[in-house]
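Structure assessment
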Amino acid sequence: MKNFFFLEGAYLILGGIILLITLFVGTRPFMSKGAAKRGLLWVSLVLAVFIGAHYKMTSNRMEAVKAAFEKDQPIICESRMLRKVAQSVNIQKSKEWSLEGDNFVSPNYSRPFFSARCIVE
C-alpha cells in the first residue's frame, strides 16, 4: 500500500478531474433532478474499480519481477534514457544488477530502473 499514491497518483488526479466534469454536467439545468448525485456515485464506483484493478495488476507484476530476479531469470525494463536506440534494458542478477527496494541498480548504469516498468522475459 505504500506505493499506491506513487503508482496511481496520475490516475487519481485524472479521476478527480473526471469527477469534477461529472459534477459540472450533472448540475446543468437540462439534467434531471438528482442526476449529479447518481452520476457521481456511478462514476466514482467505476473509477475506484479501474484504479484498484490497475494497482493490483501493477503490484502483482512487481512481485513477479522481483521473484524472477531472485531466481536469476532475465528481466526486461523500459529505458527512458535513450529512446532512439535502446528502448529496453536486459537485467539479470548474474550481470552485476541488484535490487534496492523497488529499484534495480547497477554500477554500469547511471540511474535505477523501477520494477513497475519491468516484465519477466
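See the structure printed just above.
Just so we're clear, the structure is a prediction, and the values are computed from it rather than from any experiment. (Residues numbered from 1 in each chain as written. Predicted model: local features only at pLDDT ≥ 70, side-chain atom pairs only at ≥ 80, totals over all residues. Heavy atoms only, no water.)

As a further point, take the sheet that holds strand β4 (residues 103–105). If you walk across this open sheet you meet the three strands as β3-β4-β5, and the pairing is antiparallel. Each of the sheet's edge strands pairs with one partner strand only, and the pair in question is β3 (98–100) and β5 (113–114). As paired strands, β3 and β4 are joined by three bridges and run antiparallel to one another. Across the sheet, the residue bridging to glutamate 100 is asparagine 103, located in β4. In the packing of helix α2 (residues 35–70) onto the sheet, the strands contacted are β3, β4 and β5, and the crossing angle to β3 comes to about 140°. (Pairing = 2+ DSSP bridges. Helix = DSSP H or I, 4+ residues; strand = E, 2+ residues; numbered from the N terminus. Contact = heavy atoms within 4.5 Å. Axes fitted to C-alpha atoms, helices over the stretch in contact; angles between N-to-C directions.)

Let us look at a nonpolar patch on the surface. Taken together, the side chains of Tyr11, Ile13, Leu14, Ile17, Ile21, Phe24, Val25, Phe30 and Met31 make up a nonpolar region of the molecular surface, amounting to roughly 910 Å² of accessible area. Structurally, methionine 31 can be placed in the loop between α1 (4–26) and α2. Residue methionine 31 is classed as partly exposed on the basis of its relative accessible area of 33%. (Patch = residues over 30% accessible without salt bridge, like charges linked within 9 Å, V, L, I, M, F, W, Y side chains within 5 Å. Areas by Shrake-Rupley, 256 points an atom, 1.4 Å probe, with all protein chains shown as cover. Salt bridge = Lys/Arg side-chain N within 4 Å of Asp/Glu carboxyl O. Buried < 20%, exposed > 50% of the residue type's maximum accessible area, 1.4 Å probe, protein only.)

Our focus in this paragraph is unusual backbone geometry. Positive phi values are uncommon outside glycine, yet aspartate 72 reaches one of about 65°. By the element assignment, aspartate 72 lies in the loop between α2 and β1 (75–78). If you check the backbone angles, glutamate 96 has positive phi at about 70° while not being a glycine. Within the fold, glutamate 96 resides in the loop between β2 (88–91) and β3.

On to the sheet that holds β2. In spatial order, the strands read β2-β1-β6; together these three strands make up an open sheet with antiparallel pairing. Two strands close off the open sheet at either side, each with one partner strand: β2 and β6 (118–120). Each adjacent strand pair in this sheet contributes to an overall mean axis angle of 25°, direction not counted. Relative to β6, β1 is paired through three bridges, and the arrangement is antiparallel. Within β6, the residue paired with cysteine 77 across the bridge is cysteine 118.

Now for the nonpolar core. Among the nonpolar cores identified, the biggest contains eleven residues, and these are Val65, Ala68, Phe69, Ile75, Cys77, Val89, Ile91, Trp97, Phe104, Phe113 and Cys118. For this core, the secondary-structure elements that each account for two or more residues are α2, β1 and β2. Ranked by the residues each element gives to this core, the list is headed by α2, at three residues. Each residue touching alanine 68, except ones within four places of it in the same chain, is listed here: Gln73, Ile75 and Val120. Leu7, Tyr55, Phe114 and Ala116 belong to the second-largest nonpolar core, a separate cluster that totals seven residues. (Core = buried A, V, L, I, M, F, W, Y, C linked by side-chain atoms within 4.5 Å.)

The next point concerns the packing of α1 against α2. Direction vectors running N to C along α1 and α2 enclose 165°, while the axes themselves pass 10 Å from each other. The pairing of α1 with α2 is recorded here as roughly antiparallel in orientation. Between α1 and α2 the crossing geometry is right-handed. Across the interface between the two elements, Phe4, Leu7, Glu8, Tyr11, Leu12, Gly15, Ile18, Leu19, Thr22, Leu23 and Gly26 of α1 pack against Ala35, Ala36, Gly39, Leu40, Val43, Ser44, Leu47, Ile51, His54, Tyr55, Thr58 and Met62 of α2. Here the residues of the contact of α1 with α2 are counted per class, giving 15 nonpolar, seven polar and one charged. (Parallel < 35°, antiparallel > 145°, perpendicular 65-115°, else oblique. Left-handed = near helix turned anticlockwise from the far one by under 90°. Nonpolar A, V, L, I, M, F, W, Y, C, P; charged D, E, K, R; others polar.)

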